Structure formats: structure tokens, C-alpha cells
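Coordinate inspection notes
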Amino acid sequence: MSAVVPREKGDAGAAAERHWAMISITLIGIVVAVIAFTGIHWASMSPSGIEPIDPTRLHVAGEFVEQNLGAQVRADGTVVVRLIGQQYSFNPQCIVLPADTNITFRGTSADVVHGFLVTGSNANAMLVPGYITTFTARFSQLGDHLMPCHEFCGTGHAAMWAHVRIVPREEFDRLGIVHPGARCD
Ligand code: CUA
């Protein structure tokens, strides 16, 4: 039979096969080890700064009660905005903010994951139920900016948006926001 492989040639083929099998097993082993290490590492040492919150009690008590939503001027003159995303709107629907001021956003979701961004700026974040999202942004373009939800959140996703109205700092200060929760709607 001419199909019979000569003995030496067959041994060389089997050796090459074993060689590649070892390389493949080693690679799979490395990938499994990396997955196991990162999984255990994240489970045992979660990233710092996580602020959990009970999404079912946002309106009952705590930081995100209705009268606390919107812009607030803190004692040191900095501005903090609190907002909630829920299917399918933001609360508040319109936020007045001063230009050229560092503004801290604090947001969360009452139901599913939502996203929001302020057009014409680099403010862009996700609102995740159970957690508080915090970041600082600064706006220089005056006027109304659309703030749409950019994370698919259900059938009403496309209709979910709000506005951010940027006014000069003097005008913002004239609004006399001494109580929490200033908004333009
Ligand atoms: Cu909320 Cu999409």
C-alpha cells in the first residue's frame, strides 16, 4: 500500500503534533489563569469610590428625594447637581447651571441602566441602579444643551432626554439659589 507513511516520517509528524498540542494547552492555561486572577482580584478588591444606594427608596429618603434634585450651591460656592434617570425621563427635566464653574454631577437610576451626555461638552456618564455616579464637568457654551439618554433602556428610550441651561455665573448667582433643587422647568 503506497499510503503507508514511512516510520521516520510518521514519528516526526506525531512529534510536531504533540509540540503544537502542548503550545495550545499552554495558551489555554494562560488564558484561564488570567480570567481566574482578574475575576478573583475584582471580587476581592472592588474599585474604590463605589457608592451604593437602594434604588427602590430614592424618593422616600436620602440624598435623591424630590426637593434635593437639581442644582445646589454649596457653602464653598461650588455647585452640585443631583439627578435621577428613570424609564423614560430625567428628573429634573431642565437644570440651570453657571458657566465656567466646576460642577459636580451626582446621579443614579431608579430602574434600569440609563446614560446621559450633555451635547457640546465632555459630560458623558451612565446611571446605574444601585450606585451613585459622580463626576465633575465645566461648561463654557451658554444656552440650552440637549441631555439625551444614550443607553438603550426600553421602548421609550428614544424619547428620553432633558436639558441643561448654561447661564453666566452672575446670572446664576442672581437666581438666588439658596434652597436646594434649582431647575428651569
Ligand atoms: Cu434611558 Cu435610554
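Everything that follows concerns the structure shown earlier in this document.
Everything quoted here is computed from the prediction, not taken from an experiment.

Scanning the protein chain from terminus to terminus reveals 2 helices and 10 strands. The order of helices and strands in the protein chain, counted from the N terminus, is α-β-β-β-β-β-β-β-β-β-β-α. Put simply, the protein chain shows about 11,100 Å² of open surface, and 62% of that area lies on carbon and sulfur atoms.

Moving on to unusual backbone geometry. The omega torsion of the bond from Gln87 to Tyr88 falls at -5°, within 30 degrees of zero and hence cis. Mapped onto the elements of the fold, Tyr88 is located in the loop between strand S2 (79-86) and strand S3 (89-91). In this structure, Pro92 follows Asn91 across a cis peptide bond, with omega equal to 5°. For Pro92, the location among the structural elements is in the loop between S3 and strand S4 (94-98). At Asp100, a residue that is not glycine, the phi angle is positive and equals roughly 50°. The topology assignment puts Asp100 in the loop between S4 and strand S5 (103-109).

Taken as a whole and assessed by the stated rule, the structure comprises 5 salt bridges. Between Arg106 and Glu51 there is a salt bridge, with its nearest N and O atoms 2.9 Å apart. With a gap of 55 residues between them, Arg106 in strand S5 and Glu51 in the loop between helix H1 (7-44) and strand S1 (70-73) connect regions that are remote in the sequence. Note on Arg106: relative accessible area 12%, which makes it buried. Taking the relative accessible area as the measure of exposure, Glu51 reaches 29% and is therefore partly exposed. Across the pair Arg169 and Asp173 runs a salt bridge whose closest N-O atoms are separated by 3.1 Å. Note that Arg169 and Asp173 are positioned in helix H2 (residues 169-174) at a spacing of 4 residues, about one turn of the helix. Asp173 sits in the partly exposed class, given a relative accessible area of 43%. Among the ionic contacts, a cluster of salt bridges with common partners joins Glu51, Glu63, Arg82 and Arg106.

Our next topic: the pairing of strand S7 (residues 124-127). Side chains Ala125 and Leu127 of S7 all project onto a buried face; the interleaved residues Asn124 and Met126 project onto a face where none is buried. With 4 bridges connecting them, strand S6 (residues 114-117) and S7 associate as antiparallel partners. Looking at the pairing, Gly115 lines up with Met126 of S7. Between S6 and S7, which pair antiparallel one after the other, the connecting turn spans 6 residues, and Gly120 there sits at a positive phi close to 80°.

One can find Arg82 in strand S2. Accessibility expressed as a relative area gives 13% for Arg82, which makes it buried. The contacts of Arg82, once residues within four sequence positions are left out, are Glu63, Phe64, Asn68, Leu69, Gly70, Gln72, Asn91, Pro92 and Arg106.

So, how was this worked out
Residues numbered from 1 in each chain as written. Predicted model: local features only at pLDDT ≥ 70, side-chain atom pairs only at ≥ 80, totals over all residues. Heavy atoms only, no water. Helix = DSSP H or I, 4+ residues; strand = E, 2+ residues; numbered from the N terminus. Areas by Shrake-Rupley, 256 points an atom, 1.4 Å probe, with all protein chains shown as cover. Salt bridge = Lys/Arg side-chain N within 4 Å of Asp/Glu carboxyl O. Buried < 20%, exposed > 50% of the residue type's maximum accessible area, 1.4 Å probe, protein only. Pairing = 2+ DSSP bridges. Contact = heavy atoms within 4.5 Å.

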